[in-house]
Each structure stands twice: as structure tokens, then as C-alpha cells.
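Observations on the model geometry
As a plain string of letters, each chain reads:
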Amino acid sequence: MDLTYTEAEEEFRAGLRLWLRKALPTLPPRPAPEDWPARRAYDCGWQRMLYDAGYAGLHWPTEAGGQGATPTQHLIFLEETERAGAPYVGAGFVGLLHAGPTVIAEGTAGQRARWLPPILRGEQVWCQGFSEPEAGSDLAALRTLAVRDGDHYLVTGSKIWTSHAEIADWCELLVRTDADAPKHRGISWLAMPMDAPGVTVRPLRTLAGTAEFAEVFLDEVPVPVANRVGAENDGWRVTMVTLSFERGTAFVGEVVACRRVLGELARAARANGRWDDPVLRRRLGRLAADFTALWRLTQWNVSEAQHSGGVPGVGGSVFKLRYAQVRQELYDAAAAVLGPQALDAGQPWTADRLSSLSYTIAAGTTQIQRNIVAERILGLPKGR
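Let us look at the structure shown here. (Residues numbered from 1 in each chain as written. Predicted model: local features only at pLDDT ≥ 70, side-chain atom pairs only at ≥ 80, totals over all residues. Heavy atoms only, no water.)

Observations regarding the packing of helix H1 (residues 7-23) against helix H3 (residues 71-83)
Where H1 contacts H3, the axes come no closer than 10 Å and their chain directions differ by 30 degrees. By the criterion of interaxial angle, the relationship of H1 to H3 is roughly parallel. Here the hand of the crossing between H1 and H3 comes out right-handed. Along its contact with H1, which presents Glu-9, Phe-12, Arg-13, Leu-16, Arg-17 and Leu-20, the element H3 presents Thr-72, Gln-73, Ile-76, Phe-77, Glu-79, Glu-80, Thr-81 and Arg-83. Looking at the contact of H1 with H3 residue by residue, the classes come out as five nonpolar, three polar and six charged. (Axes fitted to C-alpha atoms, helices over the stretch in contact; angles between N-to-C directions. Helix = DSSP H or I, 4+ residues; strand = E, 2+ residues; numbered from the N terminus. Parallel < 35°, antiparallel > 145°, perpendicular 65-115°, else oblique. Left-handed = near helix turned anticlockwise from the far one by under 90°. Contact = heavy atoms within 4.5 Å. Nonpolar A, V, L, I, M, F, W, Y, C, P; charged D, E, K, R; others polar.)

Points about the environment of Val-238
Residue placement: Val-238 occurs in helix H6 (residues 235-248). Spatially, the C-alpha atom of Val-238 lies 8.2 Å from that of Ser-188, the residues being 50 residues apart in sequence. Sequence-distant contacts of Val-238, defined by excluding residues within four places in its chain, comprise Thr-102, Glu-106, Trp-189, Val-229 and Gly-230.

Considering empty space enclosed by the protein
With the rule as written, the count across this model stands at two cavities of 30 Å³ or more. Each pocket or cavity is described by its volume, and for the largest cavity that value is around 80 Å³. Forming the walls of the largest cavity are Asp-43, Cys-44, Gln-47, Val-89, Gly-92, Gly-95, Leu-96, Ile-119, Gly-122, Gln-124, Val-125 and Trp-126. When residues of the lining of the largest cavity are traced back to their parent elements, those giving at least two are helix H2 (36-53) and helix H4 (93-106). With three residues, H2 is the single largest residue contributor to the lining of the largest cavity. Taken together, the residues that form the lining of the largest cavity break down as six nonpolar, five polar and one charged. (1 Å grid on protein atoms, 1.4 Å probe; cavity = no way out; pocket = protein on both sides within 12 Å on 5 of 7 lines; lining within 4 Å. Points joined across faces, edges and corners; volume = space filled by probe spheres on them.)

Some words on the pattern of salt bridges
Between side chains of opposite charge, a pair can form when the charged atoms approach closely. One pass over the structure, following the stated rule, counts 17 salt bridges. A salt bridge links Glu-132 to Lys-159, with the nearest nitrogen and oxygen atoms 2.9 Å apart. Placement of Glu-132 in the loop between strand S1 (126-129) and strand S2 (145-149) and of Lys-159 in strand S3 (residues 152-159) is noted, with a sequence separation of 27 residues between them. We classify Lys-159 as buried; its relative accessible area is 2%. Here Glu-232 makes a salt bridge to Arg-148, at a shortest N to O gap of 3.7 Å. Of this pair, Glu-232 sits in the loop between strand S8 (228-229) and H6 while Arg-148 is found in strand S2, placing the two residues 84 residues apart along the sequence. Classification of Glu-232 as partly exposed rests on a relative accessible area of 33%. A single salt-bridge network, built from bridges that share partners, covers Glu-10, Arg-13, Arg-17, Glu-79, Glu-80 and Arg-83. (Salt bridge = Lys/Arg side-chain N within 4 Å of Asp/Glu carboxyl O. Buried < 20%, exposed > 50% of the residue type's maximum accessible area, 1.4 Å probe, protein only.)

Function cannot be inferred from these measures alone, as they are strictly geometric.
Have a look at this one:
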């Protein structure tokens, strides 16, 4: 990948900066972190602004309603929006970064026409119904059952850690459609309307004090067969496409945010006298090198995805493995810089540090990522 910027790309950057300077002051105040209905309205409002300005789905192909931007333009967009303090995708995370790209890659023309435009316009929010109480890291052990009944499936079971279920319109749902097949071969990927009869949502409050996850209970929920993405019992392969987006390109904006946080930490250390500690300076310098390397890997993954049909490769697991660790190290360093202030529950640093603990589990545990790297990149034999 050529990492230099062309004249056209610099013109794109300049235009984006100009638009951000005009658009950001018109945003309403950010809602409280725990008020998810208000956060949905705020995030969807921002998405609509991006849509109206021609920046929604920037890296999506034009036939899917996107802008067909180059990988470099996509990365410029992420850099400039983060530097300007613009909102991130927020409540639109699953639809924009997981479900939407999966539908682009695996859905029919009718499914793309039905689901993608409302995602891009900020009109519909999706949640992710993958993990179950007995199927987390071993996701293929899921037991939520979908029984075919004419042109519908009747879905019964439960999901946990369902992202944004409380405010979602749709759920990307993994179900077992053949209870007798080997566990990786009897799974299907469905799009389930969250207002369907038989759906019960119970929010889960995290250590950070918010409820962006939920338990979801399903009692013979009718889901049209037409809502299945991919062939029946081919859902594990489709799921690997979804997870490749989750690990490969969904965290790119967060890398930019972490680099900004690191700069803020350095300024705070200079202000409070901790910069005089050579051990701390070395620690922050090493983190700067780590995040620079992760950003280069991000550039590679985004470029690879857009030059191979839009689906990231196994480099996403390399990224996820290191990013989860470095993010935790960043907020450990924040505690060293801020001292007792880092224990103030009302400070964003504290909430971010608590949420960083989940990154070795979210989007596939560290152990799972190590197995993927060992088997698919290094060619090592599977463990017995």
C-alpha cells in the first residue's frame, strides 16, 4: 500500500476539514453515557448529517449505497473526524461496521436494498445476537434453535452480551437450524426484527455503569426465511465474514482515539510534574511506538479488505490480539500519570479504563485470536 497522499486525497482532506468546522458546532450537547435512547437519537442524528453531506458509508461500494472511496480516503476520514472531536458511530456500530458489511458481502440484491439504506441514513440500529450463556468463546456451541415452519423460522433460545439490544430495530442473529449436524455446519445467520412477538430484552449494567449490552430471550419468535443471509446451515461461514469485519476494520477509529489520549497523557504528565520520571517517559514512548505500529497494521487491513472484495483477512486477528493488550496498557499508564484522580468514577478516564478490561474478551477472546494466528498464519497444527 502506498502511504503517501496524492493531491486529490489532500483535497479530500481539506474539504472534510471544512465541513467538520461548519457541522460540529451545530450538534446538540452529548447525552449522558447511561441514557441510551438519547444516545441513539444523537448518534443517528450525526449519521444523518454524514449521509446528507456524502460521507456516510464512505468506504462501502457504490452499488451498496456507499461512496466507493479509496482505502486512503477512508483512513483520512477516520483521522480527521477523530482529531476534530466528531462523534463516533456509537449506537450505529453493529449496523455500520458488522451487519451492513456482511449483507454487502453475502446478502441478496433485495436484502441489500432493504437493509442498507436505513443503516446509512441513521434510521435503523442493529444489535448483535451471537454469544449465549454456554457459547461464548466456543461460539459454534450455540443452542438457540430455529425450526422451519413454512416461510418462517420459529426461534427459541437466549443470547447474552447482545450489543445495543435495548434500542435496536434489527438483530444479526445466529441460530441452529439443524440440531443433528456437526456444530459448525448446522448454523444459519438471520436478520431478526426486534419488535417481533416473543422477544424479551433485559439490559445488563456493566462495570463502567452503562447498559450497552443485554440478555435477549426468544420464545418461538417468527423470523421470515427471506431474512436469512446465506444458505441454510451455511451460517458459520457467514459468521466468519462478520467476525472478520469486527476484528479487522471495526476498531480503526479507536486506534486514532487512543493516539489522541496518549497525547493528552503526555501533556498531563508535563503539567503535573510526572514527566520528570524517566520510567514514565519510556513507558509513554513505548506506547506511542505500539500505536504507530497498530495504525500501520490498520492501514494494511483496510487496504487488504477493500482490494479483496471488502472482507478483511486474518490480519484482523493479529490487530485484535495486540490492540486489546495495548489499550489496557494505555489506561494503566493513565493511572500512573493521573494518580488519585484516576480513581474518580465521574471522570471519563475511569470509565475508559474499566471498559478497556473487556477488550481481551470482546470480538473474540485473546486465546481464540492466538489460535487463529497460530493455525492460519503460522501454519501450526491444531491443539488436541
